[in-house]
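# Survey of secondary and tertiary structure
Take a look at the letters that make up each chain.
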Amino acid sequence: MWPFSTYPEKTAGDVAGKTFDYIIVGGGTAGCLIAHRLSASPNASVLVLDKGRVNAGVLSRIPLLGILQSGVVRYHAEPNAHLRGRHVQLLAGEMLGGTSRAHSMVWSPGGRPEFDGWARELGLDEWSWEKVAPAFARIEKEIPRKGAGDLGLMSYVDAAMERVGLDDGGGKRGTQRYTRSEVSVDADGNRVSALTAWLNASVVNGRKGRLTISPGGGADILVKAKQEVILCSGVFGTPQLLMKSGIGPKDHLSAHKIPVVHDLPAVGAHLTTHILVPVMTELPLKHTLHIIQTVAILWHFLLWLFSGTGVLSSNGQWGAAFLHSDALNEGTMTVVPPEDDEKEVTDLEILIAPLSTLIEHGVPGVPCMTWYAALVQPHTTGSVELTSSSDAKSALKITLPMLIDARDSARLRKAVRFAMRLADEFAGPEVGYPYPAPLTMAPGMDLGYLDGLMDRKKSKSDKKKLTRVLPPQKDAWRTVTDAEIDEYIKRLVTGSYDPAGTCRMSLTKEEGVVDQNLKVYGVRNLRIADASVLPRCGGASISASIYMIGERCAEFVMKEDGFSS
């Protein structure tokens, strides 16, 4: 059974010169779902083109190790001078199934406050909660899910969250709450991606003649679409395709000597992502994912292989707190209920990751848990631009300035202080964690030691020789200064794997690229359905919203063309 059998793919030569009803360019998270929905009709033919490969090896099945696959591509934004010349790294899954093959698999859709905010503030009435909730419900029926990992750790995290005023919010999504992660993993412990859920081999074989998958593209071929072309190539690939086709900002296209087919200024603009800073606590090895860096990985591999259990069947994020920055009491760093409905749209997260993060080798010899402080609704945005019109392999110019807006800096600073407050509670006597849990990386620590750990020129052995200096401990969240937090942020801030917005949805072509039905302004029979159309980054994991975008796109197409799946 697939993935061990051969996937039924076609070469570029097999499809060259042929005509299909729908051509989907990019078999990513949304592309797989759309292809599944449209090809369910016996009267529709669908071609999926993707530059990546299927890559359905064992790493694609092990939930925790998906990021190690060969199809995972890391993009690097331009250096930020105000962040000590550091740049943001952004990830994309360039293979069938897209980034759903590599991300943390957390199923955390936004809720009513977020999408009603789209309708109220941006005029996107077709994307109110009333309109998107049925799409989420349909998707959830088809994606098996389970709880994330524990290792005897999470009950103490629960208690720390409760002590700062966070509960499950009555189970309401998209509002202030704390929840353990729910991940898209099946009963056998396998990752559930867009590929396995909607374009697996049995689906493609069962729809032979009306569903054709052609990955690994590289040759120039001509194929035709009777009805529509739907771009699903992601935050970077979709604007790149548009601009190389002459659709985009005319000045930028002209600078690259690309004939302007349609001037659309917002193509490649408005790039955004969640902004994260880690605060780390030292824990016993047995309570962290660092156990897989020991011989214990053999035991956990056998657990996964024969029973679908063990840490390899989970992910790297085991819980998350969602909150609005205005709901944090400045003096106590505890959470109070929001004053009005608009404040229910969360702009901060604290992600619980039972491992060291960001630093290439971690803190040498120290197993850690990270309290990831995240700003999820930043004001500052960036852009994606071409560097060459002729070289298909040329790098994109990605500009993603961070914390230029003072409002972003203030909110992220507050999130970091709150993460330190949580770490303090976790280590305190009231929670009852039975081991010392000192802060090992946090604002107020010795910056020379931190810079040594961050120095890419130093080897792992050299970093082990550094004199370890711990940050302040008890009540450090009270005593650390804003300036110390800012210096720490400059060194460790990064982007998440949730970029969005480069072909965003809007009511006008001046402000966006697609209308509410995901049709590209000024271009007939062309739609976009991927994270690039999201008008905002969102207060939760973007992956669920990308599935919803795909579901709604298929809904629009089927309604307009008069057929159903």
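Here, every reference points to the structure presented above.
Read on for a plain summary of the structure. Here the structure is a predicted model, which is why all the values come from computation and not from measurement.

### What to know about the overall build of the protein chain
Along the protein chain, the regular secondary structure elements total 17 helices and 21 strands. Taken over C-alpha atoms, the radius of gyration comes to 23 Å for the protein chain, in line with the 24 Å a tight globule of 565 residues would show. Considering only C-alpha atoms, the protein chain reaches an extent of 70 × 55 × 50 Å along its principal axes. Per-residue burial for the protein chain yields a buried fraction of 58% across its 565 residues. For the protein chain, long-range pairs separated by at least 24 residues make up 77% of all intrachain contacts whose partners lie at least 6 apart in sequence.

### Digging into the environment of Gly248
Note that Gly248 resides in strand E10 (residues 247–248). In this structure Gly248 comes out as buried when scored by relative accessible area, which is 0%. The spacing of Gly248 and Val533 is 285 residues in sequence and 15 Å in space, taken between C-alpha atoms. Discounting residues that sit within four places of it in the chain, Gly248 has contacts with Met243, Leu253, His262, Asp263, Leu264 and Val267.

### Some words on the pattern of salt bridges
Tallied over the full model, the rule gives 34 salt bridges. Across the pair Asp150 and Arg180 runs a salt bridge, and its minimum N-O distance is 3.0 Å. Of this pair, Asp150 sits in the loop between strand E5 (146–147) and helix H6 (154–163) while Arg180 is found in strand E6 (residues 177–180), placing the two residues 30 residues apart along the sequence. Classification of Arg180 as partly exposed rests on a relative accessible area of 36%. The closest approach of N and O atoms between Lys474 and Asp424, which form a salt bridge, is 3.7 Å. Taken as a pair, Lys474 in the loop between helix H14 (460–464) and helix H15 (476–479) and Asp424 in helix H12 (residues 406–427) lie far apart in primary sequence, 50 residues in all. Its relative accessible area of 10% is what places Asp424 among the buried residues.

### Concerning the packing of helix H4 (residues 112–122) against helix H5 (residues 129–140)
Axis separation between H4 and H5 bottoms out at 9 Å; the angle between their running directions is 135 degrees. Our classification of the angle between H4 and H5 gives oblique. Across the interface between the two elements, Arg112, Phe115 and Asp116 of H4 pack against Trp129, Val132 and Phe136 of H5. Here the residues of the contact of H4 with H5 are counted per class, giving four nonpolar, no polar and two charged.

Cut-offs used in this document
Residues numbered from 1 in each chain as written. Predicted model: local features only at pLDDT ≥ 70, side-chain atom pairs only at ≥ 80, totals over all residues. Heavy atoms only, no water. Helix = DSSP H or I, 4+ residues; strand = E, 2+ residues; numbered from the N terminus. Rg over C-alpha atoms; globule rule 2.2 N^0.38 Å. Buried < 20%, exposed > 50% of the residue type's maximum accessible area, 1.4 Å probe, protein only. Contact = heavy atoms within 4.5 Å. Salt bridge = Lys/Arg side-chain N within 4 Å of Asp/Glu carboxyl O. Axes fitted to C-alpha atoms, helices over the stretch in contact; angles between N-to-C directions. Parallel < 35°, antiparallel > 145°, perpendicular 65-115°, else oblique. Nonpolar A, V, L, I, M, F, W, Y, C, P; charged D, E, K, R; others polar.

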